[in-house]
Amino acid sequence: MLSTNARGFARAVFGPAARLLVRLGVSPDVVTVTGTVLTSVAALTLLPMGHLTVGALVLGALVVADNLDGQMARLTGTESRWGAFLDSTMDRFADAAIFSGVAVWALRHLDGTLGNLTAGLALVCLVLGAVVPYAKARAESLGMTANVGLAERADRVVVVLAAVLLVGLGLPAPVLTVALGLLALASAWTVLQRMRAVYVQSGGPRRAGTGTEEAR
């Protein structure tokens, strides 16, 4: 998984910055929200305007720097359920901005079927990218785990930004289209993997008479 390597890289690169921000008295929550705002603004301006290379590099740096708030919380001993909730919620906004930016770029800069297909796949990735973490969170709320999956958040973001960068550097636009298609498949497979994990842990559908089904 790319996720583990990305977190290790971020700890090594941004550790000094995290310590500096702690000394300056900056709150991890401020860093979380600020990072999300910057990511959203960059994704919804640079990408639609066609600045793919700069956009991918800026967004890549911001996504990796997203590790800062967690490092700061650990350094100050302020890790909390609120911080974890805020971080996860802000991640959904950032991811939505990135895939929306790609979709708008495709509609503005690609012609006909290719533009529509690329934009459609970007939106599919956006939706599935929200379902993947929801499946895990819902499983945990029911006392089970769903820590399996082919495409976690870091993997999805790295793949789409790498494809955006390659197209920005001169590769044909279908490279991004194919990347989005594969990412959509990987995300859908991840949802199925997590559903299966919960199915096994729960023992499958409850039989009639075993109790009232919990409201969904």
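This text gives an overview of the structure that appears in the document. Predicted model only: the values in this text are computed from it and were never measured.

**With respect to the side chain of Thr177**
Here is step 1: Assignment of secondary structure puts Thr177 in helix 8 (residues 174–202).
Here is step 2: Overall, Thr177 belongs to the buried group, its relative accessible area being 8%.
Here is step 3: In this view, Thr177 contacts Leu114, Leu117, Thr118 and Leu121; residues no more than four positions away in its chain are not counted.

**Some words on the environment of Val198**
Here is step 1: One can find Val198 in helix 8.
Here is step 2: Judged by its relative accessible area of 18%, Val198 falls in the buried class.
Here is step 3: Setting aside residues up to four positions removed in sequence, Val198 forms contacts with Ala139, Met144, Thr145 and Ala146.

**Thoughts on the nonpolar core**
Here is step 1: In this structure, Ile98, Val102, Trp105, Val160, Val164, Leu176 and Leu180 are the most contacted members of the largest nonpolar core, which totals 34 residues.
Here is step 2: Secondary structure elements with two or more residues in this core: helix 2 (28–45), helix 3 (52–65), helix 5 (81–109), helix 6 (112–141), helix 7 (153–168) and helix 8.
Here is step 3: Tallying contributions element by element places helix 5 first for this core, with 7 residues.
Here is step 4: Filtering out sequence-adjacent residues up to four positions away, Val164 remains in contact with Leu47, Leu52, Ala56, Val102 and Leu176.
Here is step 5: Membership of the second largest hydrophobic core comes to 6 residues, among which are Phe14, Ala18, Leu68 and Met72.

What counts, and where the lines are drawn
- Residues numbered from 1 in each chain as written.
- Predicted model: local features only at pLDDT ≥ 70, side-chain atom pairs only at ≥ 80, totals over all residues.
- Heavy atoms only, no water.
- Helix = DSSP H or I, 4+ residues; strand = E, 2+ residues; numbered from the N terminus.
- Buried < 20%, exposed > 50% of the residue type's maximum accessible area, 1.4 Å probe, protein only.
- Contact = heavy atoms within 4.5 Å.
- Core = buried A, V, L, I, M, F, W, Y, C linked by side-chain atoms within 4.5 Å.

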